[in-house]
Amino acid sequence: MEHTQNYYGSLCTEMYEILHERPPLDELDFYLSYAEKGQKIFEPLCGSGRFFLPFLNRGYEISGVDLSAEMLAKLKQKAPAAKVAQADVTEYNSGETYDYIFIPSGSISLFTDLSVLKAILRKIKALLNPGGKFVFAVDTVEARVPDRADYTISVSVKTQEGFDLILKNKNQYDEATRTQFSPSIYELYDGSNLLQREYMDFQTHLYEPGEMEGYLYEAGFTQITVYADFDKKPAGADGSELFLYECGIE
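Residues numbered from 1 in each chain as written. Predicted model: local features only at pLDDT ≥ 70, side-chain atom pairs only at ≥ 80, totals over all residues. Heavy atoms only, no water.

A.B. asks: Explain the environment of S10 to me, please; I cannot follow it from the model alone.
C.D. replies: When you line up the elements, S10 lands in helix 1 (residues 10–19). On the basis of relative accessible area, S10 is assigned to the partly exposed category, the value being 34%. It is 9.3 Å that separates the C-alpha atoms of S10 and S68, two residues lying 58 residues apart in sequence. Non-local contacts of S10, meaning those with residues more than four positions away in its chain, are made with E70, Q196 and E198. (Helix = DSSP H or I, 4+ residues; strand = E, 2+ residues; numbered from the N terminus. Buried < 20%, exposed > 50% of the residue type's maximum accessible area, 1.4 Å probe, protein only. Contact = heavy atoms within 4.5 Å.)

A.B. asks: Would you take a moment to explain the packing of aromatic side chains for this structure?
C.D. replies: The description of an aromatic ring pair uses the distance of the two centres, along with the angle that the planes make with each other. The tally for this structure, following the rule as stated, stands at 17 aromatic pairs. Arranged with centres 5.0 Å apart and planes meeting at 85 degrees, the rings of F30 and Y31 form a pair that is edge-to-face. Their ring planes at 20 degrees and their centres at 4.6 Å tell us that F134 and F136 sit as a pair that is stacked. Judged by its relative accessible area of 0%, F136 falls in the buried class. Taken together, the ring pairs connect F30, Y31, Y34, F51, F55, Y60, Y100, F102, Y227 and F230 into an aromatic cluster. (Phe/Tyr/Trp six-rings, centres within 6.5 Å; stacked < 30°, edge-to-face > 60°.)

A.B. asks: Help me understand the nonpolar core in this model?
C.D. replies: Taken as a class, soluble globular proteins show a tendency for nonpolar side chains to be buried jointly. Counting residues in hydrophobic clusters, the biggest one holds 29 residues, and the most contacted among them are L121, F134, F136, M212, L216, F221 and Y245. Broken down by secondary-structure element, the contributors of at least two residues to this core are strand 5 (98–103), helix 5 (114–127), strand 6 (128–139), helix 6 (211–219), strand 11 (223–227) and strand 12 (242–248). Apart from the residues within four sequence positions on either side, L216 is in contact with L121, F134, F136, F221, I224, Y245 and C247. The next biggest cluster of nonpolar side chains, apart from the first, holds 25 residues, and it includes L72, L75, A79 and F230. (Core = buried A, V, L, I, M, F, W, Y, C linked by side-chain atoms within 4.5 Å.)

A.B. asks: Mind showing me how you'd approach unusual backbone geometry here?
C.D. replies: Note: most peptide bonds trans; most residues except glycine with negative phi. Unlike most non-glycine residues, N6 shows phi in positive territory, near 55 degrees. By the element assignment, N6 lies in the loop between strand 1 (4–5) and helix 1. Classification of N6 by relative accessible area gives buried; the value is 12%. Residue K232 is not a glycine yet carries a positive backbone phi of 65 degrees. Checked against the element boundaries, K232 lands in the loop between strand 11 and strand 12.

A.B. asks: Can you walk me through the sheet that holds strand 11 in this structure?
C.D. replies: What holds strands together in a sheet is hydrogen bonding between their backbones, with the strands either parallel or antiparallel. On the basis of which strands lie adjacent, the open sheet formed by 7 strands has the order 4-3-2-5-6-12-11 and mixed pairing. Of all strands in the sheet, those with a lone pairing partner are strand 4 (83–86) and strand 11, marking the two edges. Along the sheet, successive strands turn relative to each other by an average axial angle of 15 degrees, direction set aside. Here strand 11 pairs with strand 12 via 5 bridges, running antiparallel. Counted as the bridge partner of Y227 is L244 from strand 12. Together, strand 5, strand 6, strand 11 and strand 12 form the strand contacts of helix 2 (residues 25–32), whose direction differs from that of strand 6 by roughly 160 degrees. Running at roughly 160 degrees to strand 4, helix 4 (residues 69–78) makes contact with strand 3 (61–66) and strand 4 of the sheet. (Pairing = 2+ DSSP bridges. Axes fitted to C-alpha atoms, helices over the stretch in contact; angles between N-to-C directions.)

A.B. asks: Could you clarify how one ought to interpret the layout of surface pockets in this entry?
C.D. replies: Rolling a probe over the atoms, with the probe sized like a water molecule, indicates the empty space that remains. Its volume calculated, the second largest pocket comes out at about 520 Å³. What lines the second largest pocket is a set of 23 residues, and nearest its centre among them are E17, I18, E21, K74 and K78. Of all elements in the fold, only helix 1, helix 3 (52–57) and helix 4 reach the threshold of two or more residues within the lining of the second largest pocket. It is helix 1 that provides the largest number of residues to the lining of the second largest pocket, a total of 5 residues. (1 Å grid on protein atoms, 1.4 Å probe; cavity = no way out; pocket = protein on both sides within 12 Å on 5 of 7 lines; lining within 4 Å. Points joined across faces, edges and corners; volume = space filled by probe spheres on them.)

A.B. asks: Whenever I open this one, the pattern of salt bridges confuses me. Can you help?
C.D. replies: One side chain can pair with another of opposite charge once the charged atoms of both are near each other. Within the structure shown, the criterion is met by 13 salt bridges. Across the pair E96 and K40 runs a salt bridge, and its minimum N-O distance is 3.0 Å. Here the residue E96 occupies a position in the loop between strand 4 and strand 5, and K40 occupies one in strand 2 (residues 40–44), the gap between them amounting to 56 residues. Of the charged contacts, one joins E175 and R144 as a salt bridge, the two residues approaching to 2.9 Å between their closest N and O atoms. Within this pair, whereas E175 is found in the loop between strand 8 (164–174) and strand 9 (179–190), its partner R144 is found in the loop between strand 6 and strand 7 (148–158), the two being separated by 31 residues in sequence. A residue is classified by how much of its surface remains accessible, and E175, at 55% relative accessible area, is exposed. (Salt bridge = Lys/Arg side-chain N within 4 Å of Asp/Glu carboxyl O.)

Now the structure itself:
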């Protein structure tokens, strides 16, 4: 049984497209609020384009990168001329730097190895122009889900072909590393006939207040503001399930 950590394969991508066709408006407006025409904008972990495409369709100069060939194929179907590349973000080198870089949806929490996280932050700092902004979200310890020892169906959707696509997962939280383990099985059925099965080793690191700031300063960011919601309410000890970071360099 092969489990690929946080890799969005074909069935995972199909379900993602069905469930997340468009971004939440409050979240999209939050990221758009930092964008200006004439800027060079970059979205690491752009996936199938849920946020990337609204920027592109509004006339912004945006490029992106993602590791999943399946997710990028969906993006290119919608926008064949989109400037995107398949790569590990830590190894990405376009030769360009950017005025605004953003990572929505808490995707940076997918990097549970903190040495990898720190490498990503250093890479993004190197890609950011002086005076530019790096804006992103992380999941917090308040987003922890209850442990569940057995695989249980959590989502079931219909594909365009009329097949049933289901997600089974279980959950375990490791207090020591603050890692949420949610191994997942995606199955595609035509009636009772199993057509395809795909495994995903889904993991997220859940952040405590003040934790990410230390990693950002270590990476070289000098201007850091933390929000608790998309209305830019300052973060505090209020039980928020996400923190939003606005970062810059001198």
